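Each chain, written out:
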Amino acid sequence: FLLFLQVTCNCFTISNGEMQDVGVGLYPSMSLLNHSCDPNCVIVFEGYQLLLRSVREIQIGEELTISYIESLMPTSERQKQLMRQYCFECDCLLCQNQEKDAEKLAGEEHAWKEVQDAVNEVRSPKSKEEWEQVLARCQKLLSSNTGRLPDTNIYQLKMLDCAMDACINLESWQEALYYGSKTLGPYSLYYPGFHPLRAVQLMRVGKLQYSQDMFPQALETLKQASTAYNIIKVTHGTDHSLMQALMEIKEQCEAIIRAQ
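Here the structure is a predicted model, which is why all the values come from computation and not from measurement.

Conventions adopted
Residues numbered from 1 in each chain as written. Predicted model: local features only at pLDDT ≥ 70, side-chain atom pairs only at ≥ 80, totals over all residues. Heavy atoms only, no water. Helix = DSSP H or I, 4+ residues; strand = E, 2+ residues; numbered from the N terminus. Buried < 20%, exposed > 50% of the residue type's maximum accessible area, 1.4 Å probe, protein only. Salt bridge = Lys/Arg side-chain N within 4 Å of Asp/Glu carboxyl O.

**Examining unusual backbone geometry**
Unlike most non-glycine residues, Cys 87 shows phi in positive territory, near 65°. Its location among the elements puts Cys 87 in the loop between α2 (75-86) and α3 (93-97). Positive phi outside glycine occurs at Ser 124, with the angle close to 40°. Its location among the elements puts Ser 124 in the loop between α5 (109-121) and α6 (128-144). With relative accessibility at 52%, the residue Ser 124 sits in the exposed group.

**Thoughts on the pattern of salt bridges**
On inspection of all chains with the given rule, the structure shows 9 salt bridges. Measuring nitrogen to oxygen at the nearest pair gives 2.9 Å for the salt bridge that ties Lys 113 to Glu 109. Of this pair, Lys 113 and Glu 109 both sit in helix α5, 4 residues apart, which is roughly one turn of that helix. Note on Lys 113: relative accessible area 37%, which makes it partly exposed. For Glu 109, a relative accessible area of 45% puts it in the partly exposed group. The salt bridge partner of Arg 204 is Asp 165, with a shortest N-O separation of 2.4 Å. Of this pair, Arg 204 sits in helix α9 (residues 196-211) while Asp 165 sits in helix α7 (residues 154-169), and the two are 39 residues apart along the sequence. By relative accessible area, which is 12% here, Arg 204 ends up buried.

Here it is, written out as structure tokens:
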């Protein structure tokens, strides 16, 4: 039982190139890293290989930190999860000043709580019928909450992400692009600088634009200030498969635009 608890507290969630969870692994040396809700490093994977990457300039003598949990949650939820899973309270600057909590929970409380419940109920749809049910519920809630919840509300943002995923799985590319485009502003707000989640979201939207022959828009998405190119180059490294895929689609866009 003790070994089980040690593994539970120290294992890492293994993710694929698009930061989707695919398993767990134990990496003893990386388990020495402490937590911060505003970390200076992130963990990325190339297959089963764990890579530690800095996301901002680190001062001499500064401790390397990662976030053990999803940093998008408001402070109270982060504290609850850290205490429940890791048995400590975080006192990082982000928790002390509760920065961005108001934006994360903006809008009518009863509306975002309904969306929160709906997001929590989604359980890895497998079939087309299950994805259709997820999309229908997303569409209903997003429509009913127009004007009541801004896209910066974190549960509204998760609902947009969920709708985007459903559309991609149902091959509804135009609708997927609509929902994905609405997430870019909030992603920029909550994942500033060199953060892989922002990079992946930019790349997903760029790929959707590319699939619909929106080549100038796709190229702009992939090249804009603090672009997916620059972010992934820092967080994943130039040899990472995601970086190579990004460069390939970027070059294809440039070739098509030159030929037109």
